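Observations on chain architecture
In case you want the letters, here they are:
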Amino acid sequence: MAPWNLHLVNVRLPLLDESKLYELKGAGGRWMSVKPQPEGTVPAAGALKLPLLNGKPHHDGETVRLDLEGRMLLPGFVDAHMHLDKAYSLAKVGNRSGTLEEAVRNYGAAVPGFSREEIRSRIRRSALAALSYGTRSIRSHLDFNLKAGREVAMRTVHAALEVREELKNVIDIQFFPMLPYGLRSPGTEEALAEGFRLGLDGIGGAPHLSPEPEADIDWIFALAEKYGRPVDLHADESDDPGVRTVAHIARRTVAYGMQGKVTADHLCALSAMDEKTAGETIRAMADAGLSAVTLPAVNLYLQGRGDRGLVRRGTTRIRELLEAGIPLAAASDNIQDPFHPFGRGDLLQIGQIAGYAGHLGAPGDLRTVLRMLTSVPAAILGLEDYGTAPGLPAHGVVLDARSVDELFAEVPPSRWVLRQGEWIHASVQLRVWDTLQLAPAAQEGGRPAGVADSETA
Ligand SMILES: [Zn+2]
């Protein structure tokens, strides 16, 4: 918690009212006041100075004052679906076909060879990468490979919980073990119960891969009820329109009264279904109070591998899910592993990819995409302290953009991350505003306005 007070002016808060500028005051690691400023001219933005000097906060007495010059502050991104333990494993685990099936097979074969420290270091690196781009909270699925033996499964669990403890002051992480499909045994339940005692949060899995998906789903819901845990499942990550396990997930959600506690991710097959079946499926999801997560980068990469000519996008029906009122988040999924060779843990990049994949680029759509990276996943994760309001923790990320349109067009590289009133990360690349001013200055032999500042900021 920061020992000094914060005072931010000319702040844009697009989740509140993008048209206004705000003045924010914080103390003791929390926001004390958040007020719209009187109407006035927006200041010309120059090269913004970090409130850091040689890595230490730059104080003006007891208060750190910063003029954001119209730049935006978000309460932080929330990544609702990652695989921190698998991230950066690509150098050791390849995937020649680029299919989901080969990725699952190859990772499963390799996982017994990963040491606890190796898994810890991958989780640490990927969580800190996400943090550096402004993510404050993560839900990570965890490999839980009981088919390779209990010790192998628990090694990943221990590594994950150790890193969570190590990073608890800078980022929040939830862990959902992926129950191995088709392994409905007392041994599986015992290992899961041990995981809950150690600190795992909910139940994950990919029952659409099981030879008996409905039996697996029934079992998962029975366990969720018995242990009082939320459910977050990989669902129908397939190009086959006949793969429709989400309908059964919806039925079980209603039967167990778990509305609002169940999330279905991927839903690629929904795009392959005919309009009528897709519509019925989406209505069943909405009626059951399901939340959903789209993973556009990974599914653009993995799906459509059997197609020739017009290759399908593989992402779910983003617009139809939104129109049905289903809380839909966009998330990272895999980073530089056999499932996805790209990605860097930057949800803003994922938002731009969601815009391409889902034809979401109109002004209203981009504001929806922003919510899919922030307030919607915050609700899915059950974060009660999310937002920028008096009394809430002074967490956030400052982005070098003055409108939501600009944010997704530029995907600005610089992010300043605020945690409990303390600047815990700041990338220093700043864009020079109004670059058209550069040419005349350069012709006169003078220093282009702002350039030196931006290089040294
Ligand atoms: Zn996943």
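Rules of the game
Residues numbered from 1 in each chain as written. Predicted model: local features only at pLDDT ≥ 70, side-chain atom pairs only at ≥ 80, totals over all residues. Heavy atoms only, no water. Helix = DSSP H or I, 4+ residues; strand = E, 2+ residues; numbered from the N terminus. Contact = heavy atoms within 4.5 Å. Areas by Shrake-Rupley, 256 points an atom, 1.4 Å probe, with all protein chains shown as cover. pLDDT = per-residue confidence, 0-100. Phe/Tyr/Trp six-rings, centres within 6.5 Å; stacked < 30°, edge-to-face > 60°. Buried < 20%, exposed > 50% of the residue type's maximum accessible area, 1.4 Å probe, protein only. Lys NZ or Arg CZ within 6 Å of the ring centre and 35° of its normal. Core = buried A, V, L, I, M, F, W, Y, C linked by side-chain atoms within 4.5 Å. Donors = N, O, S within 2.8 Å, 3.2 Å for Na, K, Ca; no water. Tetrahedral: all angles 85-135°; square planar, octahedral: opposite > 155°, others 65-115°. Salt bridge = Lys/Arg side-chain N within 4 Å of Asp/Glu carboxyl O. Pairing = 2+ DSSP bridges. Axes fitted to C-alpha atoms, helices over the stretch in contact; angles between N-to-C directions. UniProt positions renumbered as here; feature names shortened; annotations may be inferred. Expected span 1.5 Å × (residues − 1). Right-handed = clockwise from strand over helix to strand, strands pointing away. Parallel < 35°, antiparallel > 145°, perpendicular 65-115°, else oblique. Left-handed = near helix turned anticlockwise from the far one by under 90°.

Some points on the overall build of the protein
Scanning the protein from terminus to terminus reveals 16 helices and 18 strands. A separation of at least 24 residues holds for 76% of the contacts in the protein among residues at least 6 apart in sequence. Here the protein has roughly 18600 Å² of accessible surface; of this, 51% comes from carbon and sulfur atoms.

Quick notes on the confidence of the model for the protein
Here the protein averages 90 in pLDDT, and 88% of its residues register 70 or above. Contacts of residues 51–56 to residues separated by more than four positions or lying in other chains number eleven contacts, the stretch itself having pLDDT below 50. Under a pLDDT of 50 for its full length, residues 430–457 has, in the predicted model, 37 contacts with residues more than four places off or in other chains.

Description of the packing of aromatic side chains
As enumerated under the stated definition, the model contains five aromatic pairs in all. With a centroid separation of 5.7 Å and an interplanar angle of 40°, the aromatic rings of Y107 and F114 are classed as tilted. Each member of the pair Y107 and F114 is classed as buried. Above the plane of the ring of F114 lies R122, whose end atom (NZ or CZ) is 4.3 Å from the centre. One cation-aromatic arrangement involves R125 over Y88; the distance from NZ or CZ to the ring centre is 3.5 Å.

Focus: the nonpolar core
Within the largest apolar cluster, 95 residues are counted, with the highest numbers of intra-cluster contacts made by L267 and F408. If you look at the next biggest cluster of nonpolar residues, it comprises 18 residues, including W4, L8, V11 and W423.

What about the coordination of the zinc ion?
Those protein atoms acting as donors to the zinc ion are H81 (NE2), H83 (NE2), H234 (NE2) and D333 (OD), and they sit at 2.1 to 2.4 Å. In this structure, the zinc ion is coordinated by four donor atoms arranged in irregular fashion, with angles at the metal of 85 to 171°. Positions of the donor residues of the zinc ion along the chain correspond to the pattern H-x1-H-x150-H-x98-D. With H81 in strand β8 (residues 77–82) and H234 in strand β12 (residues 231–235), this residue pair connects regions lying 153 residues apart in the sequence.

Some thoughts on the side chain of T388
You can see T388 is positioned in the loop between α13 (375–380) and β16 (396–399). Sequence-distant contacts of T388, that is, excluding residues within four places in its chain, are made with L13, L16, L24, W31, V34, L73 and P75.

Details of the pattern of salt bridges
For the structure on display, the rule yields 33 salt bridges. D385 is paired through a salt bridge with R136; the nearest N and O atoms lie 3.2 Å apart. Highlighted residues: D385 in the loop between α13 and β16 and R136 in strand β9 (residues 135–142), separated in sequence by 249 residues. By relative accessible area, which is 4% here, R136 ends up buried. Between R164 and D201 there is a salt bridge; the shortest N-O distance is 2.8 Å.

Considerations on the sheet that holds β12
Taken in spatial order, the eight strands make up an open sheet running β8-β9-β10-β11-β12-β13-β14-β15, and their pairing is parallel. Edge positions in the sheet fall to β8 and β15 (328–330), since each of these pairs with one other strand and no more. Ignoring which end each strand starts from, the neighbouring axes of this sheet average 20° apart. Summarising the sheet, strand β11 (residues 203–205) and β12 pair through three bridges and their orientation is parallel. Residue I203 lies in a different strand from β12, and its bridge partner there is V231.

So, the pairing of strand β18 (residues 422–426)
Relative to β18, strand β17 (residues 415–419) runs antiparallel, the two being bridged by four bridges. Note on β18: the bridge partner recorded for R419 is E422. The hairpin formed by β17 and β18 contains two residues between the paired strands, and Q420 there has a positive phi angle of roughly 50°.

So, the UniProt feature "domain: Amidohydrolase" (unreviewed entry) in the protein
In the numbering used here, UniProt assigns the "domain: Amidohydrolase" (unreviewed entry) feature to residues 67–103 and 112–413. Summarising residues 67–103: 11% helix, 27% strand, and an end-to-end C-alpha distance of 47 Å.

Digging into helix α5 (residues 213–227)
Its 15 residues place the ends of α5 21 Å apart at the C-alpha level, agreeing with the 21 Å of an ideal helix rising 1.5 Å per residue. On its buried face, α5 is in contact with β10 (172–179), α4 (186–198), β11, β12, α6 (245–255) and β13 (262–266).

A word on the pairing of β12
Burial analysis of β12 places five of its five residues in the buried class, which makes it a mostly covered element. Going residue by residue along β12, you find V231, L233 and A235 tucked away on one face and D232 and H234 tucked away on the opposite face as well. For the crossover that starts at β11, traverses α5 and ends in the parallel β12, the hand is right-handed. Here β12 pairs with β13 via five bridges, running parallel. Across the sheet, residue A235 finds its bridge partner in β13, namely H266.

Regarding the packing of helix α2 (residues 116–132) against helix α3 (residues 150–166)
The interhelical angle for the contact between α2 and α3, taken along N-to-C directions, is 45°, at an axis separation of 9 Å. Comparing the axis directions of α2 and α3 gives the class oblique. Here the hand of the crossing between α2 and α3 comes out right-handed. Contact residues: R116, I119, R120, I123 and R124 in α2; R155, T156, H158, A159, A160, E162, V163 and E166 in α3.

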